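Structural description and commentary
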Amino acid sequence: MRAAVNEHIARLKAYVPGLQPREDEQVIKLNTNENPYPPSPWVEEAIREEGAESLRLYPNPTSRRLRETAASLYGLAPAQILCGNGSDEILGILLRTFTTRGDAIGYYQPSYSYYKTLGEIHALELLPTPLGENPTEPPLPADRDVRLFFLTNPNSPMGFSLKPEFVARLADHVQGVLVVDEAYADFAGWDCLALIQDIPNLVVTRTLSKSYSLAGLRVGFAFGAEQWIEQMDKVRDHYNLNRIAQAAACVALRDQPHFHENRVRILKTRERFRQALGEMGIESYPSEANFVFARLASAKAASRIFDALTERGIYVRYFPEAGLDRGLRISIGTDEQMDRLLEELRAVVP
Ligand SMILES: Cc1ncc(COP(=O)(O)O)c(C=O)c1O
């Protein structure tokens, strides 16, 4: 049987998502940047209205209403928008549209590690550019022929965000398309969406998983020039968003008051949490996302604290690779959850 599998797939180390608790486990889950607050109440209503009866029918193949809703919210044309089953699916569509086996893709390291896995799945050459000693002022990548360059902005796992002026310079510098992965941009003070109107080789991706509390619904977007979206649309599975996802995502986008209220709560908790960490002598990058990257004294200390927290039922994320192994990425939960975490940290941090 092994002989039937592509060799590069047999060799592949699959992407490992953050630990998921068992259904019956009560944990404080701060390891995958989910939102601690429920989505808009309109979402539940929309799901109920959609009902089970309609599920015998296929969904709208182009997520037409959702694209129109997003277009009016973001001031774009529906033809500049592609919907995905989560923004992870959008990343896969980008690779299938713009690359063939042996082509190169680039990305900063550290950033979202799924780009590397996707590149390996598609048998591409990987050209990571280290963020360097001062990650908030990264070097421009070496002048190489990449079909796509991925920029996680705000950065995950570190949380800082590069300004649109830098992103415009990067787009001018890279060969191929610059993909700005804005999974966390709703928590930042700025974003790069407006740049797509003037910079032809720029595609921005977003998700409803974080700022709209809809990680389980699986809805993401690509925004870009009509010429790219039209090509990506050919590659997409024709019914990629189910009926419930389309209906619920539309109302979630429409309920902007709920979105803003939720967002402000997270930002307040984030700043309070960073300050409390600072008072304990734990440094962190200023965060433009719904998580904080806390830097401990050493890799050994970070891994020990990670284990101690996990044992106490608090899940955070530890990345054992060089450059990140001194830190813990901690999603922003409710105030009560962050207080519990701080209490446990005070007990385990020397
Ligand atoms: C930077 C980044 N991009 C994309 C994603 C994928 O999000 P989605 O749930 O929309 O697939 C994540 C999820 O954690 C992420 O951190």
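As the structure is a prediction and not an experimental result, all values here were calculated from the model.

1. Notes on the overall build of the chain
Along the backbone of the chain there are eleven helices and twelve strands. Relative to the 2.2 N^0.38 estimate, which gives 20 Å for 350 residues, the radius of gyration of the chain is 20 Å and therefore close to what a compact globule would have. The 350 residues of the chain split such that 45% are buried. For the chain, contacts bridging at least 24 residues in sequence account for 72% of all contacts bridging at least 6.

2. Considerations on the environment of A142
The topology assignment puts A142 in the loop between β4 (125-130) and β5 (146-152). Sequence separation of A142 and V174 is 32 residues, and the distance between their C-alpha atoms is 8.9 Å.

3. Here's the deal with the site of the ligand
Inspection of the region around the ligand gives 13 residues, with G86, S87, D88, T207 and S209 positioned closest. Taken together, the residues that form the shell around the ligand break down as three nonpolar, eight polar and two charged.

4. Describing helix α9 (residues 256-279)
Relative to the 34 Å expected for 24 residues at 1.5 Å per residue, α9 spans 35 Å between its end C-alpha atoms, a close match to the ideal helical length. Buried within α9 we find H258, F259, N262, I266, T269, R270, F273, R274 and L277. Lining the buried residues of α9 we find β9 (283-284), β10 (291-295) and α11 (335-348). At the C-terminal side of α9, G281 shows a positive phi close to 85°.

5. Section: the domain arrangement of the chain
Many analyses report the size of an interface as the accessible area lost when the parts associate. When cut into domains, the chain gives domain 1 (2-38 + 257-348) and domain 2 (41-254). At the level of elements, α9 and β10 are the ones that each hand at least two residues to the side of domain 1 that touches domain 2. Top contributing element to the side of domain 1 that touches domain 2 by residue count: α9, with five residues. Across the side of domain 1 that touches domain 2, the residue classes break down as 16 nonpolar, seven polar and five charged.

6. Section: the sheet that holds strand β6 (residues 177-181)
Across the sheet, which stays open at both edges, the seven strands sit in the order β2-β8-β7-β6-β5-β3-β4 with mixed pairing between neighbours. Only two strands of the sheet have a single partner each, and these edge strands are β2 (81-84) and β4. The mean angle between the axes of side-by-side strands here comes to 20°, regardless of whether they run parallel or antiparallel. As paired elements, β6 and strand β7 (residues 202-207) share four bridges and run parallel to each other. Within the sheet, the bridge partner assigned to V180 lies in β7 and is V204. Of the strands in this sheet, β2, β5, β6, β7 and β8 (220-223) are in contact with helix α4 (residues 87-98), which crosses β7 at around 155°.

7. What to know about helix α3 (residues 64-74)
Of the residues making up α3, those classed as buried are L66, R67, T69 and A70. Each buried residue of α3 lies within a common arc of 160° when the element is viewed along its axis, so the set occupies one face. Among the exposed residues of α3, those pointing more than 90 degrees away from its buried face are R64 and S72. On the buried face of α3, the contacting elements are β2, β8 and α8 (243-254). A positive phi of about 70° marks G75, the residue just after α3.

About the criteria used
- Residues numbered from 1 in each chain as written.
- Predicted model: local features only at pLDDT ≥ 70, side-chain atom pairs only at ≥ 80, totals over all residues.
- Helix = DSSP H or I, 4+ residues; strand = E, 2+ residues; numbered from the N terminus.
- Rg over C-alpha atoms; globule rule 2.2 N^0.38 Å.
- Buried ≥ 20, exposed ≤ 12 C-beta atoms within 10 Å, placed from the backbone.
- Contact = placed C-beta atoms within 7 Å.
- Near = placed C-beta within 6 Å.
- Nonpolar A, V, L, I, M, F, W, Y, C, P; charged D, E, K, R; others polar.
- Expected span 1.5 Å × (residues − 1).
- Domains from an automatic or database assignment.
- Pairing = 2+ DSSP bridges.
- Axes fitted to C-alpha atoms, helices over the stretch in contact; angles between N-to-C directions.
- Arc of directions from axis to C-beta.

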